[in-house]
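# Structural features, examined
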Amino acid sequence: MMRFLLILFVLLFSVKISANGHEDFLQCLSHFSEVIYTPKNSSYSTILHSAIGNHRFNTSTGPKPLVIITPLNVSHIQAAITCSEKHGMQIRVRSGGHDYEGLSYLSWMLPFVVIDLFNLRTVTVASDNTAWVKAGATVGEFYYGIAEKSRTLAFPAGLCPSVGVGGHFSGGGYGMTLRKHGFSVDHIVDAHLIDVKGRILDRSSMGEDLFWAIRGGGGNTFGVVIAWKLSLVQVPPSVTVFEVARNSLEQNLTRLVHRWQYAISKFPHELSLRVYISRVNSRDQPGKTAIETTFSSMFLGEVDELLPMMQKTFPELGLMREDCIEMTWIESVLYFWGFPRNGSLDVLLDRTSRLPSFKGKSDYVKQPMPEIAWEGIWRRMNQVDVRRRPQLQLTAYGGIMNEISESSTPYPHRAGTLFQIHYSVEVNGDDDLKTSQWHTNWIRKLYSYMAAYASKNPRGAYVNYRDLDLGVNNLHGTTSYRQASIWGKKYFGNNFDRLVRVKTEVDPTNFFRNEQSVPPYHQYLSNIEGRATYDS
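Residue indices follow the written sequence of each chain, beginning from 1 at its first position. Since the coordinates come from a predicted model, pLDDT governs what is reported: local features require at least 70, and pairs of side-chain atoms require 80 or more to be given and counted, while whole-chain, interface and lining totals use all residues. With hydrogens and water excluded, all non-hydrogen atoms of the structure serve as input to the side-chain values.

## Some remarks on the side chain of Gln 516
Elements are defined by DSSP. Helices are runs of H or I of four residues or more, strands are runs of E of two residues or more, and each kind is numbered from the N terminus. Summarising the element assignment, Gln 516 is placed in the segment after helix H15 (496–506). Distance and chemistry together define a polar contact, namely a pair of N or O atoms within 3.5 Å, with one atom able to donate a hydrogen and the other to accept it when in protein, and with adjacent residues in sequence counting only for side-chain atoms on both sides. Within the structure, the side chain of Gln 516 is placed 3.0 Å from the backbone oxygen of Asp 467, a separation counted as a polar contact. A polar contact of 2.7 Å, which involves the side chain of Gln 516, links it to the side chain of Tyr 491. Setting aside residues no more than four positions away along its own chain, Gln 516 makes contact with Leu 103, Arg 466, Asp 467, Leu 468, Leu 470, Gly 471, Val 472, Asn 473, Trp 487 and Tyr 491. Any two residues having at least one pair of non-hydrogen atoms within 4.5 Å are treated as being in contact.

Here it is, written out as structure tokens:
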């Protein structure tokens, strides 16, 4: 009985201390209460859920932030960092809310606060073809700002307009000009960052190591990036796009996708060609389903250049002139996201996510996969209810990616990568546990099947398609170098050691951390080669 009373006393005392800590934290922030939202505020739930990109996490369950802070200026962020460090709060930073595992607005490291940057989204395009973009802007808002200045300037970023640039750029960022212009991070020329001490740093004051780390080393790891300076790229006045669908009920789909792998290396840099593989209801045979591939492409040139080139490099597709449409680059942004190409650009300013609830994973392939491998994928996709929209997205690499060093930024998956795979299946937040677990296990089994064909030593993954299946940091206490490297080297390859060294220097107490952020070496220093002397 005494033991029970002692435990109860300790729990009640801890709750009281925790409550007092919360009150002290809120008092610390009281001088800018107009941007502070607690669960007692009527707008709290609206703000929290409005920017959740993956609706798998848009539920009433799960951990919630003690406070949401919507800063109007830099001083609000500085104060949030100072008060959070002082009172033991974890910080999550959200710009668009598309984090695949919800880590920009969820945390199992309680208590935590969310700094939502959506008020800080100014886009300023300069006459020297550079732009300053605040981290709370979306990709769509950025594209809109570019188009206001010029229809022959562009930027190599993603297709989804509601993705926030803060997270997108910090993990890499790529789109339909990948083979010509590389990743977003390859065009970042400066940044403004608030570090753990609350200082505002630019490229000069932060130093080249930290500037290198934030360009692809993962969000919310080294500080809070509040603005990016970017070098824009030139595009022709007219580009050519096409989306050609083929399905397993009509064509030899296996051979077509198999041949695509060999055509990639023959494409000019100006051509990007993605393949979307889905299970769909047959359009022509009611009651039947089919595996369908959509070949989705943008060519930085006119159709008269594209057609003979496609006939030479990938005749199996049978591309026809009527499949192709010429348009401006900004119209292609609308086209690929399903908006009318001649519609108003104002749709790019809509921050509302159009994504479903899903579980995603990623891979890199370095050698063409045999036809039997693709047939194994078709069998596994046919196991899933068509309403769950199982899909593989294949993105061709090559082009300029073969010319960029893997160590130029933390993003290492460059030369030698044939294509990237993105896997997804819908996993609804309101599913019962059994249903949700079945679909999660299905995509894990597909990922396991693909181990024989994916990159190895390590098997690569894309940090912007964050995947907690690969491993997590310890929720409490320190995380060893050995433990973190299991997932860290999948994302960053040989760059992981350098990222850990930078983290140790700029944030040795590991204040900026989440379930998969790069940890410091803690109290154990690395040796000169950058390997941990001890595991903590």
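## Comments concerning helix H10 (residues 303–313)
Each residue is assigned to one of three classes by its accessible area relative to the maximum for its type, calculated with a 1.4 Å probe on protein chains only: buried under 20%, partly exposed between the two thresholds, exposed over 50%. The complete set of buried residues in H10 reads Val 303, Leu 306, Leu 307, Met 309, Met 310 and Thr 313. Lining the buried residues of H10 we find strand E12 (239–247), helix H9 (253–263), strand E13 (271–281), strand E14 (289–299) and strand E15 (324–327).

## Examining the side chain of Asn 495
With respect to the helices, strands and loops of the structure, Asn 495 is situated in the loop between helix H14 (481–492) and H15. Within the structure, the side chain of Asn 495 is placed 3.0 Å from the backbone oxygen of Pro 410, a separation counted as a polar contact. Not counting residues up to four positions away in its chain, the partners in contact with Asn 495 are Trp 212, Glu 406, Ser 407, Thr 409, Pro 410, Tyr 411 and Pro 412.

## A look at the sheet that holds strand E1 (residues 36–37)
Pairing is mixed across the open sheet formed by 4 strands, whose spatial order is E1-E2-E4-E3. Of all the strands in the sheet, the pair left with one neighbour each is E1 and strand E3 (90–94). Think of it this way: DSSP has to see at least two bridges between two strands before they count as a pair. Both E1 and strand E2 (residues 67–69) contribute to a ladder of 2 bridges, which runs antiparallel. For Ile 36, the partnering residue across the bridge sits in E2 and is Ile 69.

## Focus on helix H13 (residues 433–449)
Along its 17 residues, H13 runs 24 Å from first to last C-alpha, staying within 8% of the 24 Å computed at 1.5 Å per residue. Every buried residue of H13 is listed here: Ser 436, His 439, Thr 440, Trp 442, Ile 443, Leu 446, Tyr 447 and Tyr 449. For H13, the elements touching its buried residues are strand E16 (358–365), helix H12 (371–381), strand E17 (391–396) and strand E18 (419–426). What a helix should span is 1.5 Å times the count of its residues minus one.

## A few points about the pattern of salt bridges
We define a salt bridge as a side-chain nitrogen of Lys or Arg found within 4 Å of a carboxyl oxygen belonging to Asp or Glu. Enumeration over the complete set of coordinates arrives at 24 salt bridges. Note that Arg 94 is salt-bridged to Asp 116, the shortest N-O span being 2.8 Å. Placement of Arg 94 in strand E3 and of Asp 116 in strand E4 (residues 112–116) is noted, with a sequence separation of 22 residues between them. Judged by its relative accessible area of 1%, Arg 94 is buried. Between Glu 331 and Arg 341 there is a salt bridge, with its nearest N and O atoms 3.5 Å apart.

## Some details on the environment of Val 427
Within the secondary structure, Val 427 sits in the loop between E18 and H13. As for Val 427 and Thr 440, which are separated by 13 residues in sequence, their C-alpha atoms are 7.1 Å apart. Among all residues touching Val 427, those that are not within four sequence positions of it are Arg 56, Ser 357, Phe 358, Lys 359, Arg 388, Ser 436, His 439 and Thr 440.

## Comments concerning unusual backbone geometry
For the bond from Asn 457 to Pro 458, the omega torsion is 0°, close enough to zero to count as cis. Secondary-structure assignment places Pro 458 in the loop between H13 and H14. Of note in this structure, Asn 220 is not a glycine but carries a positive phi near 55°. Despite not being glycine, Asn 457 has its phi angle at roughly 55°, a positive value. Mapped onto the elements, Asn 457 comes out in the loop between H13 and H14. Under the relative-accessibility criterion, Asn 457 is labelled exposed at 81%.

## Remarks on the state of the cysteines
Disulfides are defined as pairs of cysteine sulfur atoms found within 2.5 Å of each other. Throughout the structure, instances matching the rule amount to 1 disulfide. Here Cys 28 pairs with Cys 83 through a disulfide, and the sulfurs are 2.0 Å apart. Measuring the twist about the S-S bond at about -75°, one finds the Cys 28-Cys 83 disulfide to be left-handed. Highlighted residues: Cys 28 in helix H1 (residues 2–28) and Cys 83 in helix H3 (residues 74–87), separated in sequence by 55 residues. Judged by its relative accessible area of 21%, Cys 28 is partly exposed. Cys 83 gets classed as buried once you look at its relative accessible area, which sits at 3%.

## What to know about the packing of H12 against H13
Inter-axis angles, ranging from 0 to 180 degrees, are taken between N-to-C directions of lines fitted to C-alpha atoms, where helices are fitted over the stretch in contact. Where H12 meets H13, the closest approach of the two axes is 11 Å, and the angle between their N-to-C directions is 170°. In terms of orientation, H12 lies roughly antiparallel with respect to H13. Together, Ile 372, Ala 373, Gly 376, Ile 377, Arg 380 and Met 381 of H12 and Trp 442, Leu 446 and Tyr 449 of H13 make up the contact between the two elements. Taken together, the residues that form the contact of H12 with H13 break down as 7 nonpolar, 1 polar and 1 charged. For classification, angles of less than 35 degrees are called roughly parallel, those exceeding 145 degrees roughly antiparallel, those between 65 and 115 degrees roughly perpendicular, and all remaining angles oblique. Following the grouping adopted for this structure description, the nonpolar residues are Ala, Val, Leu, Ile, Met, Phe, Trp, Tyr, Cys and Pro, the charged ones are Asp, Glu, Lys and Arg, and the polar ones are all others, Gly among them.

## Things to note about the UniProt feature "domain: FAD-binding PCMH-type" (unreviewed entry) in the chain
UniProt positions are given in the numbering used here, feature names are shortened, and annotations may be inferred rather than shown by experiment. UniProt tags residues 61–235 as "domain: FAD-binding PCMH-type" (unreviewed entry). Each end of residues 61–235 is marked by a C-alpha atom, and these two atoms are 46 Å apart; helix forms 27% of the span and strand 24%.

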